[in-house]
Amino acid sequence: ISEERKQSISDGFDILQNARNLAKDDKIDEAYTQIKDFKEKNKIKVLSSDIMILYAELALKKQTKRLILEASTDLEVAINSSLINQYDLPKAYSLLVELKLEINKIEDAKYFSQIIIDNFAALQLTFIFISSTLNSTLLTSYIDLVHLNKYQLNTLFLYSLDILLNLYNKTIYPYLIL
């Protein structure tokens, strides 16, 4: 990989971090504009997953139906065209469910919720069981067995747990209180 390409990737991640910082400072409009422009200009596939997820998160924060509809369509296309990194898929599907709920596409939200349940919930429950019942040596061996590094496992675990809690609260059992 060339130095120029490395620098382009690094600059891209800096833009993403800047947009996150703007959002944290409640400058949602500025962050959204920055990420939308970057999404349209981006030519580096490595950044596509992070861009799409942040774009969807910011669209949700803006609370505008038109922007949420646009982000929903764009995120769905990104998922279907494999632009989303496999470790970001649980987060992407979770955001897609939230976007669909915001624009009152309940059947679509249920469909994508079912995808989460079918593809990620079993894996998550396995991780929860393993982490709560095995000692750290065995857990480390299991991580090696499934070929995930600790960062990937932790990221997948947190996203999946967040997805399960959100689904429980929003789509599967909305009438129950935790």
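A. The arrangement of the side chain of Lys 100 in detail. If you trace the backbone, Lys 100 turns up in helix α5 (residues 89-102). Relative accessible area serves as the criterion here: at 5%, Lys 100 is assigned to the buried category. If we skip the residues at most four places from it in the chain, Lys 100 touches Ser 72, Glu 76, Lys 105, Asp 108, Ala 109 and Phe 112.

B. Structural context of the packing of aromatic side chains. A full pass over the atoms with the stated rule returns three aromatic pairs. With 5.6 Å between their ring centres and 20 degrees between their planes, Tyr 32 and Tyr 55 make a pair best called stacked. Of the two residues, Tyr 32 is situated in helix α2 (residues 28-41) and Tyr 55 in helix α3 (residues 45-62); the sequence distance between them amounts to 23 residues. We classify Tyr 55 as buried; its relative accessible area is 0%. Between Tyr 93 and Phe 112 the ring centres are 6.1 Å apart and the planes differ by 35 degrees, which places this aromatic pair in the tilted class. With Tyr 93 in helix α5 and Phe 112 in helix α6 (residues 106-133), the pair connects residues that are 19 residues apart, well separated along the chain. On the accessibility criterion, Phe 112 (6% relative accessible area) is buried. Within the aromatic cluster, the residues linked to one another by ring pairs are Tyr 93, Tyr 111 and Phe 112.

C. Expanded view of the environment of Leu 83. Looking at where Leu 83 falls in the secondary structure, it is placed in the loop between α4 (65-80) and α5. Other than its neighbours up to four places away in sequence, Leu 83 contacts Ser 48, Ser 49 and Ala 78.

D. How the structure looks around the pattern of salt bridges. Going through the model one piece at a time under the given rule, you end up with 10 salt bridges. We note a salt bridge from Lys 6 to Glu 3, for which the minimum N-O separation is 3.5 Å. One end of the pair is Lys 6 and the other is Glu 3, both in helix α1 (residues 3-24) and three residues apart, which spans about a single turn. Note on Glu 3: relative accessible area 58%, which makes it exposed. Linking Lys 62 and Asp 29 is a salt bridge whose minimum nitrogen-to-oxygen distance equals 2.3 Å.

E. Broad picture of the environment of Asp 11. Positionally, Asp 11 belongs in helix α1. Polar contacts involving the side chain of Asp 11 include one to the side chain of Gln 7, which spans 2.7 Å.

F. Quick look at the packing of α2 against α3. Close contact between α2 and α3 brings their axes to 9 Å; oriented N to C, the two are set at 145 degrees. In the packing of α2 onto α3, the handedness of the crossing is left-handed. For the pair α2 and α3, the contacting residues are Ile 28, Asp 29, Ala 31, Tyr 32, Ile 35, Lys 36, Phe 38 and Lys 39 in the first and Leu 47, Ile 51, Met 52, Leu 54, Tyr 55, Leu 58, Ala 59, Lys 61 and Lys 62 in the second. Of the residues in the contact of α2 with α3, the class split is 12 nonpolar, no polar and five charged.

G. Main features of unusual backbone geometry. We note that Asp 26 has phi near 60 degrees; this positive angle belongs to a residue other than glycine. Residue position: Asp 26 is located in the loop between α1 and α2. Residue class for Asp 26 comes out exposed when judged on its relative accessible area of 67%.

H. Quick peek at the nonpolar core. One finds Ile 35 and Leu 75 to be the most contacted residues of the largest nonpolar core, which totals 39 residues. Among the elements that make up this core, the one with the highest residue count is α3 (10 residues).

I. A look at the confidence of the model for the protein chain. Taken residue by residue, the protein chain gives an average pLDDT of 77. The fraction at 70 or more is 67%. Confidence drops under a pLDDT of 50 for residues 129-148, and excluding neighbours within four residues, the segment shows 15 contacts in the predicted structure. Note that pLDDT drops below 50 for residues 171-178; the model gives that stretch 13 contacts with residues more than four away or on any other chain.

Criteria and cut-off values
- Residues numbered from 1 in each chain as written.
- Predicted model: local features only at pLDDT ≥ 70, side-chain atom pairs only at ≥ 80, totals over all residues.
- Heavy atoms only, no water.
- Helix = DSSP H or I, 4+ residues; strand = E, 2+ residues; numbered from the N terminus.
- Buried < 20%, exposed > 50% of the residue type's maximum accessible area, 1.4 Å probe, protein only.
- Contact = heavy atoms within 4.5 Å.
- Phe/Tyr/Trp six-rings, centres within 6.5 Å; stacked < 30°, edge-to-face > 60°.
- Salt bridge = Lys/Arg side-chain N within 4 Å of Asp/Glu carboxyl O.
- Polar contact = N/O pair within 3.5 Å; in protein donor to acceptor, adjacent residues only side chain to side chain.
- Axes fitted to C-alpha atoms, helices over the stretch in contact; angles between N-to-C directions.
- Left-handed = near helix turned anticlockwise from the far one by under 90°.
- Nonpolar A, V, L, I, M, F, W, Y, C, P; charged D, E, K, R; others polar.
- Core = buried A, V, L, I, M, F, W, Y, C linked by side-chain atoms within 4.5 Å.
- pLDDT = per-residue confidence, 0-100.

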